[in-house]
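Read off the chains here:
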Amino acid sequence: MQINGVRFDDLNPIQKRILLEMDKRDRLAVIGGPGTGKTFIAIFAILKALENKNNSFFLVYNKNLNMYIRKLIGHQQFPEYLAKTYHAWLPGYLASVIPGFSLKKVQDTFAIPGKTYEYNWALIEEAMGEVPMDKRKLYDFLFVDETQDIPLPLLHIIKNASKKLMVTFDDSQKIGNDYFEDQKHQPSDRSEILIRLDLTDSFFDLTENYRNTQSIERVAKLFGEYFKPNAFSLKQETSKLKGPLPNLIKVSNLSHVVRMIYADFSLNPTSQIGVLFANTRLEEDMKRYIAFKNELKTWFNPNQDVFFYKLGSEAYIKGFDQPGIYYMSMNSAKGLEFDKVYIIETDRLVFDNDHQANLLYVASTRSKRNLSFVYEQEEVGPVLALAFNHSLYFNRFDATKQSSLEEDKAFLTMIERMSDGE
């Protein structure tokens, strides 16, 4: 059994021990920051469960992560129906275990009108109270990723939905999901997650970061400490990987960013490049991001180049198993990784709440080696101010005088040479 060329024998001792412990226990939590391999361990565990013909299911944070996991495992080994987001999974599960309920009745009875993914948890709890415990256990094995974002009432449902349970989460991220208006249903810290799932004596902490370089990890934690100033996990250096400093790149406008990204992919056609923008519900922001996407499409041919974008209800998805440009919001990138990451419009990013700072932390840790923050105006935005105040953490470039694709290529080649000299 192997995943993306990695065999069980290639795992480190703690990863092997976790998988062996999962054979012995009915439930287990794996806690770790970005790049610590927690999702990788869960994938090995679910593959083993499938080989043993267990009725297994994988709950993931979003559709993008689902696609990425299927890419790692292989689409034939891991059919799409074996994994869903918890939003998509919950109605079907309730319809399967509550007598007399169809999918339509679940939506009509429990969904809150006009609220996306919001449910009347009190009514669900009342209905589930009539279901015997053995009837709730629909699966032999249930795996749950990014558990820190799951509402508390849903954790209670998940706790009893299978005979064996394995969850992963990152306690260095903000616990809870700000997209839910009813914050009383959000977990407050890692202890509450472990208590709710009866995992207080059955968890492992992973500490070594195998994805990010030390310089990327340092910058990500600079943003992470904004919303978790006393988090111990954000004080530790967990990466041993060397690499170049992240870049602060000043550009003329968004069209220049598009041309630069095209130049980068032309120079590195085997790379996966993530282009991430802020999560926003403001119409003016969405208009800019859509214009950016449309301009990307004039440089890249979606029918020939591997190209991904997801914006609002519009999506073009070709998979995560080939090189290309992956344009999406910071939130949509959660759980993914890329060779390079560009975070655009850094001058417009704000720390208006903990959620925004958390997303910037998440976005920064998506890059394996090269991370660039792109901006137009130096005097706008607290994110740039924080970066400028930590100038030793970054390489800073002014690319505003570049006016052609060839000049962009020369500029990026210069950055690559600097990176190779790190």
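All values reported here derive from a predicted model rather than from experimental measurement. (Residues numbered from 1 in each chain as written. Predicted model: local features only at pLDDT ≥ 70, side-chain atom pairs only at ≥ 80, totals over all residues. Heavy atoms only, no water.)

Participant: Which parts of the structure should I look at to understand the packing of helix α11 (residues 254–267) against helix α12 (residues 283–299)?
Facilitator: When two helices pack together, their arrangement is given by the angle between the helix axes and by the axis-to-axis distance. Their axes nearest at 10 Å, the elements α11 and α12 cross at an angle of 40 degrees. Put simply, α11 runs oblique to α12. Both α11 and α12 take part in a crossing whose hand is right-handed. Contact residues: Leu254, Ser255, Val257, Val258, Arg259, Ile261 and Tyr262 in α11; Arg288, Phe292, Glu295, Leu296 and Trp299 in α12. Residue classes in the contact of α11 with α12 are distributed as 8 nonpolar, 1 polar and 3 charged. (Axes fitted to C-alpha atoms, helices over the stretch in contact; angles between N-to-C directions. Helix = DSSP H or I, 4+ residues; strand = E, 2+ residues; numbered from the N terminus. Parallel < 35°, antiparallel > 145°, perpendicular 65-115°, else oblique. Left-handed = near helix turned anticlockwise from the far one by under 90°. Contact = heavy atoms within 4.5 Å. Nonpolar A, V, L, I, M, F, W, Y, C, P; charged D, E, K, R; others polar.)

Participant: Whenever I open this one, the packing of helix α1 (residues 13–24) against helix α2 (residues 38–51) confuses me. Can you help?
Facilitator: Viewed as axis vectors pointing N to C, α1 and α2 meet at an angle of 40 degrees, and their least axial separation amounts to 10 Å. Relative to α2, α1 is oriented oblique. Crossing geometry of α1 relative to α2 is assigned as right-handed. Facing Gln15, Ile18, Leu19 and Asp23 of α1, the residues of α2 in contact are Ile41, Phe44, Ala45 and Lys48. Each residue belonging to the contact of α1 with α2 can be placed in one class, and the counts come to 5 nonpolar, 1 polar and 2 charged.

Participant: I tried to follow the sheet that holds strand β6 (residues 139–144) on my own but got confused; where do I start?
Facilitator: Across a sheet, paired strands are connected by hydrogen bonds in the backbone, their directions being either parallel or antiparallel. If you trace the 6 strands from one edge of the open sheet to the other, you get β5-β4-β6-β7-β3-β8, paired in parallel fashion. The two strands at the open ends of the sheet, each matched to only one other strand, are β5 (83–85) and β8 (203–206). This sheet shows a mean twist of 15 degrees between the axes of neighbouring strands, independent of strand direction. Across 4 bridges, strand β4 (residues 56–60) lies against β6 in parallel orientation. In the strand pairing of β6, Ser56 is matched with Phe141. (Pairing = 2+ DSSP bridges.)

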